[in-house]
Amino acid sequence: MRGTEVAVNEVLSGAIVVPLRARALEPRVVGLIAAAQTRLPQRRRSARAPAIAYTYRVAPERDLWGIVRGLTILGVAGVELVDGVLRVRDIAVVAEARRNGLGRALLAHLRNAYGGPELLADATEDAAPFFVACGFDAEPLGAFRSSGLPRIRCTLPADRPSFDMPVEVELRLNRASSRAPARAPPLRTEVSRSEEHT
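Residues numbered from 1 in each chain as written. Predicted model: local features only at pLDDT ≥ 70, side-chain atom pairs only at ≥ 80, totals over all residues. Heavy atoms only, no water.

*Asks:* Honestly, the packing of aromatic side chains in this entry has me stumped. Any pointers?
*Replies:* How two aromatic rings sit relative to each other is set out by the distance from centre to centre and by the angle between their planes. For the structure shown, the criterion picks out 3 aromatic pairs. Taking 5.2 Å as the distance between ring centres and 70° as the angle between the ring planes, the aromatic pair formed by phenylalanine 131 and phenylalanine 136 counts as edge-to-face. Here phenylalanine 131 falls in the buried class, since its relative accessible area comes to 5%. Put simply, the rings of Phe130, Phe131 and Phe136 pair up and form one aromatic cluster. Above the ring of tyrosine 56, the side-chain terminus of arginine 62 is found at 5.9 Å from the ring centroid. (Phe/Tyr/Trp six-rings, centres within 6.5 Å; stacked < 30°, edge-to-face > 60°. Buried < 20%, exposed > 50% of the residue type's maximum accessible area, 1.4 Å probe, protein only. Lys NZ or Arg CZ within 6 Å of the ring centre and 35° of its normal.)

Following this line, the structure appears as structure tokens:
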């Protein structure tokens, strides 16, 4: 549909994925981290988010990435690489930009930036469909201790090809000749309109 293409193009045009460690304590970032805490009751999300943001700022084993357009942060993804598995600890996109491929673009960047490891995320029943739509396997794993909500383990095996991006979104990675695995260059997201697509 043409309307969907326009929405995707407007949101993703000129967006890039960048490291956000230095900006982790900015209010918009903290707000997105709060939004990612779907396993917590609503009243506890905002209370816990500053401490989680601070952990991303200072913990060397964790990385915080953001998808930005200009100076505006549209989404964040917090990760931790443990024993060759990249754990997606937090992922959120601003409400007005959701369902336009930004979360998927963040996951694609993470997969490529860390060399294609297995991705793992523990999600609530509300968040699990997003991961499944990105090609993850999902299986029930009991409940979150913090809330009692059902916990769904979402896994994208390393040997599985990366999930497909929407046709309207073409991603090009700017690869540096030498880079540390945890500090990959930003993902440049460019949107191309296909003549064949109507």
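Read on for the rest.
*Asks:* Just checking my understanding: could you explain the pattern of salt bridges for this structure?
*Replies:* Pairing is possible between side chains that carry opposite charge, provided their charged atoms lie close to one another. A full pass over the atoms with the stated rule returns 9 salt bridges. Put simply, arginine 21 and aspartate 63 hold a salt bridge, and the shortest N to O gap is 3.1 Å. Note that arginine 21 is positioned in the loop between strand E1 (15–19) and helix H2 (27–36) and aspartate 63 in strand E2 (residues 62–69), a separation of 42 residues in sequence. Neither arginine 21 nor aspartate 63 differs from the other in exposure class; each is buried. Linking aspartate 122 and arginine 153 is a salt bridge whose minimum nitrogen-to-oxygen distance equals 2.5 Å. Taken together, the residues span a long stretch of sequence, with aspartate 122 in strand E5 (residues 118–123) and arginine 153 in strand E7 (residues 150–156) at a distance of 31 residues. Taken together, the salt bridges that share partners define one network made up of Arg87, Asp122, Arg151 and Arg153. (Salt bridge = Lys/Arg side-chain N within 4 Å of Asp/Glu carboxyl O. Helix = DSSP H or I, 4+ residues; strand = E, 2+ residues; numbered from the N terminus.)

*Asks:* For this particular structure, what's the right way to read the side chain of glutamine 37?
*Replies:* For glutamine 37, the position within the fold is in the loop between H2 and helix H3 (42–58). Here glutamine 37 is in contact with Arg45, Ile52 and Asp90, once residues within four sequence places are set aside. (Contact = heavy atoms within 4.5 Å.)

*Asks:* How should the layout of surface pockets be read in this particular structure?
*Replies:* Over the atoms, a rolling probe the size of a water molecule traces out where space has been left empty. Taken as a whole, the largest pocket spans an internal volume of roughly 1,100 Å³. Around the largest pocket, the lining is made up of 38 residues, and of these Ile91, Ala92, Ala127, Phe130 and Phe131 lie nearest the centre. Residue assignment for the lining of the largest pocket shows that the elements contributing at least two residues are helix H1 (2–12), H2, H3, strand E4 (85–93), helix H4 (102–113), E5 and helix H5 (128–133). It is E4 that provides the largest number of residues to the lining of the largest pocket, a total of 7 residues. Looking at the lining of the largest pocket, its residues break down into 19 nonpolar, 8 polar and 11 charged. Approximately 160 Å³ is the volume attributed to the second largest pocket. As for the second largest pocket, its lining consists of Arg39, Arg87, Asp122, Ala143, Phe144, Arg145, Ser146 and Arg151. Here the lining of the second largest pocket is composed, by residue class, of 2 nonpolar, 1 polar and 5 charged. (1 Å grid on protein atoms, 1.4 Å probe; cavity = no way out; pocket = protein on both sides within 12 Å on 5 of 7 lines; lining within 4 Å. Points joined across faces, edges and corners; volume = space filled by probe spheres on them. Nonpolar A, V, L, I, M, F, W, Y, C, P; charged D, E, K, R; others polar.)

*Asks:* I keep staring at the packing of H2 against H3 and nothing clicks. Help me out?
*Replies:* Pairs of packed helices are described in terms of their axes, by the angle between the two and the distance that separates them. Orientation of H2 relative to H3, taken along the N-to-C sense of each, is 115°, at an axis distance of 8 Å. H2 and H3 meet at a crossing whose hand is right-handed. When H2 is examined against H3, the residues Val30, Ile33 and Ala34 are found in contact with a partner set consisting of Arg45, Ser46, Ala49, Pro50, Ile52, Ala53 and Tyr56. (Axes fitted to C-alpha atoms, helices over the stretch in contact; angles between N-to-C directions. Left-handed = near helix turned anticlockwise from the far one by under 90°.)

*Asks:* Quick question: what am I supposed to make of the state of the cysteines here?
*Replies:* Scanning the model with the defined rule gives 0 disulfides in all. Here cysteine 134 is not disulfide-linked; the sulfur of cysteine 154 is the nearest cysteine sulfur, at 9.9 Å. On the accessibility criterion, cysteine 134 (1% relative accessible area) is buried. Cysteine 154 gets classed as buried once you look at its relative accessible area, which sits at 0%. (Disulfide = S-S within 2.5 Å.)

*Asks:* Looking at this structure, I do not really get H3. What am I missing?
*Replies:* For the α-helix, the turn length of 3.6 residues means that residues three or four positions removed from each other point alike. Here H3 contains 17 residues, and its C-alpha end-to-end distance of 26 Å stays within 8% of the 24 Å for a straight helix at 1.5 Å per residue. The largest bend in H3 amounts to roughly 40° and is located at arginine 48, with the proline proline 50 lying one to four residues further along. Restricting attention to buried positions, one finds in H3 the residues Arg45, Ala49, Ile52, Ala53 and Tyr56. Turning to H3, the residues buried within the fold contact H2, E2, strand E3 (72–82) and E4. (Expected span 1.5 Å × (residues − 1). Bend = angle between axes of the 7 residues up to and from the residue.)

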